[in-house]
Amino acid sequence: MAAVENDVRIIKADRPPQRFARGWHCLGLADSFRDGKAHAFDAFGTRLAIFADSTGKLHVVDGYCPHMGASLADGEVKGDNLACPFHGWQWGGDGKCKAIPYATRVPPRARVKSWPTMEENKQLFVWHDVEGSLPDPAVKIPRIEELFTGEYSEWIWETVTINTNCRELIDNVADVAHFYYVHGARATYFKNTFEKHVARQEMRGKPRADQQVAGATEFGGSAVTIEELYSVATYYGPAYMIDQLSSTVNGMKVEAYLINCHVPIDHDSFILHVGLAVKKLPFLDDEMNAQIAQMYAKGNRDGFFQDVAVWKTKCRIDNPLLCEVDGPIYQLRRWYEQFYVDVADIAPDMVDKFEVEVDLAKSNQLWDVEEAANAAAQAAE
Ligand code: FES
Ligand SMILES: [Fe+2]
């Protein structure tokens, strides 16, 4: 009997991990929470309430009131406290109940969790750790100094809910081939470096010759040609990526910072934030600079939705079948696992330095042939 059926590759997939990653998670632009209101944020399988005290300092506390379970974010900010909408108990940013308006004594154990927070790059972060430890001082979100000098546009910030496990998003770091088929851009250089809590993707690329780059087809009434793209995208921890982008557009060098960060809502959905700040070109006026920033933001948004379209219909796969030009998906996932185990269980191969450059010479020759054939077919239509 031929063993043909036994040779079929079987896709394996466990349930996503039933815990959430340890680390800093960005909740959005800090100023967006300083409107005098409380904000509900569903994350990590629960609900958070975010509010600013009278000094403008932001606090993140557990979102459900331990008195009778009301959603605290539906309450009102009163001075430095958040007053529950149900019976008016007032909660401080440190999580302690400060007052019960109809009682003289506050029960000594009236306390909700106050989450560790910090602000960087004009964004609010919360630290999540199932072990309950305080933030690891070695795990830093780097400050982008240029954002504070006026050289860059303000953040153009967008938030979407994606209904899949967030590992799909992380896989992008090592997935070199999908740029060609999903995003219409081919990589000519691609390198990954993973070390400690940092994972980096360095890519040089250019748009496919047989396709328009999504969203970037028109600017100021004229066609836009992107000649070259250079991107250094770095995850700091499990959920916050800074992508330094530089491209040559119509002969001009355009530089930008892209933030790609997410917060898990539960094990099958996450909030994706995409922020973009573009370096102003000194020879253009504010309006033209704003147009460039918006054009860039649109291109990036469209790019993310190209990924989302794939995630919508794909299955989870724990044993991807790789060819020799695929990036180091397994090593990347091993790096990602460090955030899902107790600190005591972090294995050396999750955090040791790993570096690989994918040799794309052959792939680029094959893509040349594919693009020429496609262009010829389009011309014949
Ligand atoms: S449920 Fe919050 S005060 Fe009663
Ligand atoms: Fe992608």
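Residues numbered from 1 in each chain as written. Chains lettered and ligands numbered in written order. Predicted model: local features only at pLDDT ≥ 70, side-chain atom pairs only at ≥ 80, totals over all residues.

### Digging into the nonpolar core
Line of reasoning, step 1. Counting 55 residues, the largest nonpolar core has Leu-27, Ala-49, Ile-50, Leu-72, Tyr-240 and Leu-332 as the members making the most contacts within it.
Line of reasoning, step 2. If you tally residues by element for this core, the top one is strand β3 (residues 46-52), at five residues.
Line of reasoning, step 3. Mapping this core onto the domain boundaries places at least three of its residues in each of domain 1 (23-128) and domain 2 (145-374).
Line of reasoning, step 4. Not counting residues up to four positions away in its chain, the partners in contact with Leu-72 are Ala-38, Ala-49, Val-61, Gly-63, Tyr-64, Cys-65, Leu-82, Cys-84 and Trp-91.
Line of reasoning, step 5. Core analysis: the next-biggest nonpolar cluster, separate from the first, contains 14 residues, Ala-256, Val-274, Leu-276 and Ala-297 among them. (Core = buried A, V, L, I, M, F, W, Y, C linked by C-beta atoms within 7 Å. Buried ≥ 20, exposed ≤ 12 C-beta atoms within 10 Å, placed from the backbone. Helix = DSSP H or I, 4+ residues; strand = E, 2+ residues; numbered from the N terminus. Domains from an automatic or database assignment. Contact = placed C-beta atoms within 7 Å.)

### Looking at the domain arrangement of the protein chain
Line of reasoning, step 1. Partitioning the protein chain into structural domains gives domain 1 (23-128) and domain 2 (145-374).
Line of reasoning, step 2. If you average the C-alpha positions of domain 1 and of domain 2, the two centres end up 33 Å apart.
Line of reasoning, step 3. Taken together, the 13 residues of domain 1 in the interface contact 15 residues of domain 2.
Line of reasoning, step 4. Those elements that provide at least two residues to the side of domain 1 that touches domain 2 are β1 (23-29) and β2 (39-43).
Line of reasoning, step 5. Split into classes, the residues belonging to the side of domain 1 that touches domain 2 amount to six nonpolar, five polar and two charged. (Nonpolar A, V, L, I, M, F, W, Y, C, P; charged D, E, K, R; others polar.)

### What to know about the pairing of strand β18 (residues 240-249)
Line of reasoning, step 1. Relative to β18, strand β17 (residues 226-236) runs antiparallel, the two being bridged by nine bridges. What sits directly across from Leu-229, in β18, is Ser-247.
Line of reasoning, step 2. Where β17 folds back onto β18 in an antiparallel hairpin, the turn is made up of three residues, including Gly-237, whose phi is positive at roughly 85 degrees.
Line of reasoning, step 3. Inspection of the sheet shows β18 paired to strand β19 (residues 252-266) by 10 bridges, in the antiparallel sense. Paired with Ser-246 across the strands is Glu-255, a residue of β19. (Pairing = 2+ DSSP bridges.)

### Considerations on the environment of Ser-71
Line of reasoning, step 1. Along the chain, the position of Ser-71 falls in the loop between β4 (58-62) and β5 (76-78).
Line of reasoning, step 2. Separated by 31 residues in sequence, Ser-71 and Ala-40 have C-alpha atoms that sit 8.0 Å apart.
Line of reasoning, step 3. Excluding residues that lie within four positions of it along the chain, Ser-71 makes contacts with Ala-40, Arg-47, Gly-63 and Tyr-64.

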